[in-house]
Amino acid sequence: MSSEISPQSPARKPRVAVVFGGRSSEHAISVVTAGAVLRAIDRAKYDVLPIGITTDGRWALTADDPERMAIADRALPSVEQLAESAEGGVVLPVDPSKREVVYTEPGAVPKALGEVDVVFPMLHGPYGEDGTLQGMLELAGIPYVGAGVLASAVGQDKEYMKRVFTSFGLPVGPYVVIRPREWEADQAAARKKIVDFAGEHGWPLFVKPARAGSSIGITKVDDLSGLDEAIAEARRHDPKILVESLLRGREIECGVLEFEDGPRASVPAEIPPVSAHDFYDFEAKYIDSASGIVPAPLGEDETRRVQELAVQAFEAASCEGLVRADFFLTEDGEFVINEINTMPGFTPISMYPRMWQESGVGYSELVDRLIEAALRRSTGLR
């Protein structure tokens, strides 16, 4: 096992802790994503320590077995299935002068797993992609792949993401937010707020959790009759909900990757209408393997414009490492930014790696660049 290598040995390879799973509703997709990353990491260059976080928040030592981390026969994997023990826990250091990870089990002597040089957090949604894990790693002094605390929080909360974009002059679509206190204080008033929004912008509406991803909890609402059920579904994932009007046009995505000289944009992709689904929902993305068009059939000026906007969004939110920026190309030829993902999916059908593959950066190189970028950065203010 790689932990047998002395942390002081000059021949020691950098150790990458791949952290995945987590407490959010995107647990399974995080496991799938981590499996793809584990396959791609260059084992001649890095030692790898897989760490899974169970749905109840336990940090578990897991098998380094990507084959068991894939969707099989429409069944989603979990950390609980991969954990080496039902009770053992992995403990990261809280002292920034030390990076040694320890494994503990009830009634057993704690076992040192060696130092961790960088964390690759493959967590999606709350308790991982939202700045919480990033804050813990900052306190521990451990470098990590991807956005920092602020950018992660902004990228997770769709309301504040849109507010940041608006302040930087980026085009966003109409939306309204219902915060938890509004709903709890007066449901009728909160519902009227949404109905008034529909009166101004028209039906259908999209009702979604404000701080979730992977199209989980989103409902397309065609009229008033479906509103209450949509609100309940969104609030099942997040007490804060976001309501958006329908933007008619094409769905365009663009990846941004941090290079040594700064962020660059990939070729864009287009998500075509999915005939079996009302919109590009969770099942379309991950179960039924809906595929996008890479590169998107855009003119040169359109391609250049969406790439510029993607990099501007990356910079506006103070992102690092990587971002997937999602846009609508409206019927009047304008790009409107829908959202960014600071830790987009890396599943075999994910758009982010496909866009970079088409841009000349293969999957293994993409993973390596992200790890190298994280190792170049310090923790703390930067």
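Everything below is about the structure shown above.
Okay, so let's go over this structure.

What counts and what doesn't
Residues numbered from 1 in each chain as written. Predicted model: local features only at pLDDT ≥ 70, side-chain atom pairs only at ≥ 80, totals over all residues. Heavy atoms only, no water. Helix = DSSP H or I, 4+ residues; strand = E, 2+ residues; numbered from the N terminus. Rg over C-alpha atoms; globule rule 2.2 N^0.38 Å. Buried < 20%, exposed > 50% of the residue type's maximum accessible area, 1.4 Å probe, protein only. Pairing = 2+ DSSP bridges.

## Brief notes about the overall build of the protein chain
Working step 1: In terms of regular secondary structure, the protein chain is built from 12 helices and 16 strands.
Working step 2: Compactness check: the protein chain gives a C-alpha radius of gyration of 21 Å against a globular reference of 21 Å for 382 residues, within 12% of the reference.
Working step 3: Expressed along its principal axes, the backbone C-alpha trace of the protein chain runs to roughly 65 × 50 × 45 Å.
Working step 4: In the protein chain, buried positions account for 54% of the 382 residues.

## Regarding the pairing of strand 13 (residues 262-265)
Working step 1: Pairing of strand 12 (residues 249-259) with strand 13, which is carried by 4 bridges, proceeds in the antiparallel orientation. The residue bridging Glu-258 from the neighbouring strand is Pro-263, located in strand 13.
Working step 2: Here strand 12 folds back onto strand 13 in antiparallel fashion, the turn holding 2 residues.

## Topic: unusual backbone geometry
Working step 1: In the segment running from Trp-203 into Pro-204, the intervening peptide bond is cis, with an omega of 0 degrees.
Working step 2: Mapped onto the elements of the fold, Pro-204 is located in the loop between helix 7 (187-201) and strand 9 (205-209).
Working step 3: A cis amide bond, omega -5 degrees, links Val-294 with the succeeding residue Pro-295.
Working step 4: Considering the arrangement of structural elements, one finds Pro-295 in the loop between helix 9 (282-287) and helix 10 (300-316).
Working step 5: Positive phi, normally seen in glycine, also occurs at Tyr-127, with a value near 65 degrees.
Working step 6: The backbone of Ser-318 shows a phi angle near 60 degrees, a positive value even though the residue is not glycine.
Working step 7: With respect to the element layout, Ser-318 can be found in the loop between helix 10 and strand 15 (322-330).

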